[in-house]
Amino acid sequence: MKPLLIESWLPIEAIGAESQRERGASSALPPLYFLHVWWARRPLTASRAAILASVLPQWNADFPAHLREKFPNEATYHQWVEFLIGIRGDPVKGRKLVTWAKDKGIKLDFHPYGGAPRAFTVNPSTEDLQTMGDLLEWTWGKRDLSVLDSFAGGGSIPFESLRYGFITYASDLNPVAAVILKATLDYPARFGPALSDEIRKWGRRINEIASDRLSRFFPMPQGERIRRYLWARTVVCPSTGKLIPLSPNWWLSKEGVPFSVHLIVEPEMENVHFEIIRGEEVSRYDPNVGTISRGIARSPWTGETISGDYIKAEAQAGRMAQIIYALSIQTSHGYDFRAPTAIDLEAVHLADLALAESLPRWEANGLLPNESVPVGLKTSELHRYGMSRWVDLFSPRQLLTLLTYYEVFAEIKDDLRRELGEEKSSAVETYIAFILSKCANYNSRLSIWHPLRATMANTFDRHDFGFAWSHGEMTLPNDGFLWAVDQITDAYKGLSKLSNSVQRSFWSANPETARKRLEIHQVSASNLSYLGDNTIEHICLDPPYYDNVQYAELSDFFYVWLKRSVGHLYPEFFRDELTNKDDEAVANPARFKDLTPGPSPKGRGGAGKAKELAEKDYENKMTAAFREMYRVLRPDGSLTVMFTHKRVEAWDTLASALIGAGFAIKASWPVHTESEHSLHQAKKNAARSTILLVCRKRTSPPSPLLEGEGGGG
Ligand SMILES: C[S@@+](CC[C@H](N)C(=O)[O-])C[C@H]1O[C@@H](n2cnc3c(N)ncnc32)[C@H](O)[C@@H]1O
């Protein structure tokens, strides 16, 4: 067994700097991010570095002659490996310069990285791949290694594995992740950049038909383009019976010229009116004072306080509605805001009627995502505010619009198939489904308006279902849908550009063998029955971290729509009503709430006990997953686990699970990968370092599975 590079060396500072650079600007993230929401994606640079260093050997004086000639000493070899990872120049110095300039508020007038490309954009050259193959052959006795990620999520690790030509196995329990893996790993390499024209063409065709059906619900006054409608949720004032718009503040924009809304309420009025206030006038009324604070409202009609219980009860009884309080528009003078007019309100009324008319049809043909929202850790907030079915996350016009697009998509599927043939049309349909996912994500009752950036955020701005008192609505038929078409088309183009070099050569040489170089499965990491014993050279993964993200709970938002749009293409992924929570390796106390009415052995109450059980369940599942990895890994294979968690116990548990599964930890590397500016990271005060744990199989087999370990729970 030859020692591997990662067991003694890894350029962690350069990898950390490049990983942060990769995610430095939200508009210039790798294309994977723009394809579909997935939570906790790993940086590509860290992923490729982990894989390469875990399969390449340490420098050795016994290298064959031609490798000795190329790498006369360790330093030249390490330099080459950095180059193979895509690192050019001195990213550590560049990163320091960027941070320094940011702190000082200075705009640099030169490229801090000396013009070097970002590491993840670099594809390996044929010559370097040849050298890599020679090194692998010397180390493993073969050039074609198999790499597995059984917690593959959004696919960073398998994406990089494929770019370097490894035979790649990617699986995830979650069906939404499995479809994302198909769209990220398979189609871009198989069909190349040209498919983007088809995605755009079919996206536009759908828009033409759907916007025709929807235009009367989105009237556009002459000389104006409506960008977004801003809505506030409403309850009825208990004393007057009139509507109260609920908004924590009335800011519209804090960027450049400030804009706010002034609520006009006179006793003789039947309904509130809204006035747009701009520039210095904003200080006339304090926009920081809204009608709701900490769940308690104040009626603008009477000034009385309205309890949170009343608001929740109204919401649960289906009486919480919404009202437009402003429109973000563009005119020949630039961006502006205006108050809603009678024409805008009439269009909303028409949309309500149209939805009521079409709902029975959509219910009958199964297009309506009316599955119940399971009560979970992240979803209980939805229930508190009356959103107990997935459809409830959309206002009537949002729902009418989305369902119209889904219906048109269903109508054109036969044409698509006829024109493109089965394989290509499956790919195009998948990307169209992602366009629709994006539209749903930016058009729910949780898609908030950001006055600081004067733009809309998506439903998953935070990693939860935080209730929103106000939300934005895109004008999908006018330009919103086409925006989503552009986003997905560009993401596809970006992916095919990044993935083209090595994989394309496999596809052009022999599609049948190329097909065998990538397998995607939707299975639990504790049961990889698609793989034989001792078959994999390297496993690289980034498992879930306790309760950090509840993937299954969150992804149901997309699952219910994807099931309807592409469920027929991936029947094996969409067998169930909703995603599988029971086998998910996360610590989710909500799953144990009903089992824990009394105090825990440590004297803590039911909630504490549920948390304890959830953590134990997570640990058991991780142990079962590591045992399965032990089974499929070659005796001389390597396992590299990336792990990010601030809690020390998390480390203990992970290490014990690995050791219990039969692994020995050979090295650990801290890589400073996380962006300091991520809202989620900042909020959770999560660790900004990813630790890479490098493991090998111990010669003694793992201890037998203890009773109660692994599996469900
Ligand atoms: C940290 S994420 C992986 C992110 C991925 N590396 C990326 O870059 O996008 C962990 C993944 O584990 C998946 N997962 C959770 N429990 C699982 C299980 N029992 N088997 C397989 N996958 C599971 C989740 O669905 C999630 O996608």
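What you see as residue numbers is a count from 1 along each chain, following the sequence as written. Local features in a predicted model are, by the rule used here, given only for residues with pLDDT of at least 70; side-chain atom pairs are given and counted only at 80 or more, and totals for whole chains, interfaces and linings are based on all residues. Here the side-chain values reflect all heavy atoms present in the structure, with hydrogen atoms and water set aside.

1. Quick word on the packing of helix α8 (residues 156–163) against helix α9 (residues 175–191)
Okay, so step 1: In contact at an axis separation of 10 Å, α8 and α9 are set at 15 degrees when each is read in the N-to-C sense. Considered as vectors, α8 and α9 are oriented roughly parallel to each other. Like other packed secondary-structure pairs, α8 and α9 cross with a definite hand, here right-handed. Taking contact as the criterion, the partners of Pro158, Phe159 and Leu162 in α8 are, on α9, Leu181, Thr184 and Leu185. Whenever a helix is involved, its axis is fitted only over the stretch in contact; in every case the axis is a line through C-alpha atoms, and angles between N-to-C directions fall within 0 to 180 degrees. Here a helix means four or more residues in a row that DSSP labels H or I, a strand means two or more in a row labelled E, and each is numbered from the N terminus. An angle below 35 degrees is read as roughly parallel, one above 145 as roughly antiparallel, one from 65 to 115 as roughly perpendicular, and any other as oblique. Left-handed describes a crossing whose near helix is turned anticlockwise from the far helix by less than a right angle; the clockwise case is right-handed. For this analysis, residues touch if any pair of their heavy atoms sits within 4.5 Å.

2. Details of the packing of aromatic side chains
Any aromatic ring pair is given by two values, namely how distant the centres are and how the planes are angled relative to each other.
Okay, so step 1: Here the aromatic set is Phe, Tyr and Trp, taking the six-membered ring for Trp, and pairing holds for ring centres within 6.5 Å; pairs whose planes are under 30 degrees apart are stacked, those over 60 apart are edge-to-face, and all others are tilted. Enumeration over the complete set of coordinates arrives at 37 aromatic pairs.
Okay, so step 2: Both rings, one in Trp39 and one in Phe460, keep their centres 5.3 Å apart while their planes meet at 75 degrees; by these two values the pair is edge-to-face. Taken together, the positions of Trp39 in the loop between α2 (32–35) and α3 (44–55) and Phe460 in the loop between β14 (455–456) and β15 (470–474) put the pair 421 residues apart, joining distant regions of the chain.
Okay, so step 3: Taking the relative accessible area as the measure of exposure, Trp39 reaches 3% and is therefore buried.
Okay, so step 4: Note on Phe460: relative accessible area 6%, which makes it buried.
Okay, so step 5: Aromatic ring contacts, followed pair by pair, group Trp38, Trp39, Trp390, Phe394, Tyr406, Phe460, Phe465, Tyr551, Phe557, Phe558 and Trp561 into a single cluster.
Okay, so step 6: Over the ring of Tyr335 we find Arg227; its NZ or CZ atom is 4.2 Å from the centre of that ring.
Okay, so step 7: Two conditions define a charge located above a ring, namely a distance within 6 Å from the ring centre to NZ of Lys or CZ of Arg, and an angle within 35 degrees of the ring normal. The ring of Tyr229 is capped by Arg397, whose NZ or CZ atom sits 4.2 Å from the centre of that ring. Three labels apply to residues, based on accessible area from a 1.4 Å probe with only protein chains included: buried if under 20% of the type maximum, exposed if over 50%, partly exposed otherwise in between.

3. Re the domain arrangement of the chain
Note: interface size is frequently given as the accessible area lost on complex formation between the parts.
Okay, so step 1: Segmenting the chain into domains produces domain 1 (1–145) and domain 2 (208–489).
Okay, so step 2: On a C-alpha basis, the centroid separation for the pair domain 1 and domain 2 is 43 Å.
Okay, so step 3: If you look at the interface, domain 1 gives six residues, while domain 2 gives nine residues.
Okay, so step 4: Buried area: the accessible surface (1.4 Å probe) lost by two parts on joining, summed over both. Contact between domain 1 and domain 2 buries roughly 660 Å² in total, counting both sides, with carbon and sulfur atoms accounting for 67%. Domain start and end points were adopted from an automatic or database domain assignment.

4. Some details on the site of the ligand
Okay, so step 1: What makes a residue near a molecule or strand is one non-hydrogen atom of that residue sitting within 4 Å of it. Close contacts around the ligand come from 24 residues, with Arg42, Gly154, Asp172, Ala525 and Asp542 the closest.
Okay, so step 2: Here a polar contact means two N or O atoms within 3.5 Å. Within protein one must be a hydrogen donor candidate and the other an acceptor candidate, and residues neighboring in sequence count only if both atoms are side-chain atoms. Between the ligand and the protein, one listed contact pairs an oxygen atom with a side-chain N or O atom of Trp38 at 3.0 Å.
Okay, so step 3: The separation between a nitrogen atom of the ligand and a polar side-chain atom of Asp542 is 2.8 Å.
Okay, so step 4: Note that accessible areas follow from Shrake-Rupley with a 1.4 Å probe, and for residues the cover is restricted to the protein chains shown. Coverage of the ligand by the protein chains reaches 99% of its 600 Å² of free accessible surface.
Okay, so step 5: Throughout this entry, Asp, Glu, Lys and Arg are counted as charged residues, while Ala, Val, Leu, Ile, Met, Phe, Trp, Tyr, Cys and Pro are counted as nonpolar. The remaining residues, Gly among them, count as polar. For the shell around the ligand, a count of residues per class yields eleven nonpolar, seven polar and six charged.

5. Examining the nonpolar core
Okay, so step 1: Among the nonpolar cores identified, the biggest contains 134 residues, and Ile311 and Tyr431 are the most heavily contacted of them.
Okay, so step 2: Excluding anything up to four places from it in sequence, Ile311 contacts Val235, Leu246, Ile292, Gly295, Ala297, Ile306, Met320, Tyr385 and Trp469.
Okay, so step 3: Only buried residues count toward a nonpolar core, which is a set of Ala, Val, Leu, Ile, Met, Phe, Trp, Tyr and Cys residues joined through side-chain atoms within 4.5 Å. Ranked by size, the runner-up nonpolar core spans 46 residues in total, among them Phe63, Ala119, Met642 and Ala667.

6. Things to note about unusual backbone geometry
Okay, so step 1: Its identity as a non-glycine residue notwithstanding, Ala454 has a phi of 50 degrees, on the positive side.
Okay, so step 2: In the Ramachandran plot, Asn534 falls in the positive-phi region, its phi being about 55 degrees despite a non-glycine side chain.
Okay, so step 3: For Asn534, the location among the structural elements is in the loop between β16 (518–521) and β17 (536–541).

7. A closer look at the sheet that holds strand β19 (residues 663–671)
Okay, so step 1: Strands were regarded as paired on the criterion that DSSP finds at least two bridges between them. Read from one edge of the open sheet, seven strands run β16-β2-β1-β17-β18-β20-β19, paired in mixed fashion. With partners counted over all chains shown, the strands left at the sheet margins are β16 and β19, one partner each. In this sheet, neighbouring strand axes are inclined to one another by 15 degrees on average, regardless of whether the strands run parallel or antiparallel.
Okay, so step 2: Pairing of strand β2 (residues 167–171) with β16, which is carried by four bridges, proceeds in the parallel orientation.

8. Examining helix α12 (residues 342–364)
Owing to its 3.6 residues per turn, the α-helix aligns residues three or four sequence positions apart on the same side.
Okay, so step 1: An expected span of 1.5 Å times one less than the residue number is assigned to each helix. For α12, with 23 residues, the first-to-last C-alpha span of 34 Å sits near the 33 Å given by 1.5 Å per residue.
Okay, so step 2: We define the bend at each residue as the angle formed by axes fitted to the 7 residues ending at it and the 7 residues starting at it. Maximum bend of α12: about 40 degrees, positioned at Ser358, with proline Pro360 one to four residues after it.
Okay, so step 3: Contact partners of the buried residues in α12: β3 (225–236), β11 (321–331), β12 (334–338) and α14 (396–441).
Okay, so step 4: Directly after α12, the chain includes Gly366, whose backbone phi takes a positive value near 80 degrees.

9. Looking at the sheet that holds strand β7 (residues 273–278)
Okay, so step 1: Here three strands make up an open sheet; going across it, the order is β5-β6-β7 and the pairing antiparallel. Strand pairing shows two members of the sheet lacking a second neighbour, β5 (251–253) and β7, which therefore form its edges. Taking each pair of neighbouring strands and ignoring which way they run, the sheet shows an average axis angle of 30 degrees.
Okay, so step 2: Looking at chain direction, strand β6 (residues 259–264) and β7 are connected through six bridges and run antiparallel. Looking at the pairing, Ile264 lines up with His273 of β7.

10. What about the side chain of Ser196?
Okay, so step 1: With respect to the helices and strands, the residue Ser196 is situated in helix α10 (residues 195–214).
Okay, so step 2: Within the local environment of Ser196, its side chain forms a polar contact with the backbone oxygen of Pro193, the two atoms lying 2.7 Å apart.
Okay, so step 3: Every residue in contact with Ser196, bar those within four places of it in the chain, is listed here: Thr489, Tyr492 and Lys493.

11. Looking at the environment of Val98
Okay, so step 1: Along the chain, Val98 turns up in helix α6 (residues 91–104).
Okay, so step 2: Looking at Val98, the relative accessible area reads 21%, which means it is partly exposed.
Okay, so step 3: With sequence-adjacent residues up to four places away left out, Val98 is seen in contact with Pro112 and Tyr113.

12. A look at the pattern of salt bridges
Okay, so step 1: For this document, the term salt bridge refers to a Lys or Arg side-chain nitrogen within 4 Å of an Asp or Glu carboxyl oxygen. Within this structure, the stated rule accounts for 45 salt bridges.
Okay, so step 2: Across the pair Glu198 and Lys201 runs a salt bridge, and its minimum N-O distance is 3.8 Å. With Glu198 and Lys201 both in helix α10 and three residues apart, the pair spans about one turn of that helix.
Okay, so step 3: The salt bridge involving Arg205 is made with Glu419; its shortest N-O contact spans 3.8 Å. Residue Arg205 is located in helix α10, and its partner Glu419 is located in helix α14; the two are separated by 214 residues in the primary sequence.
Okay, so step 4: For Arg205, a relative accessible area of 29% translates into the label partly exposed.

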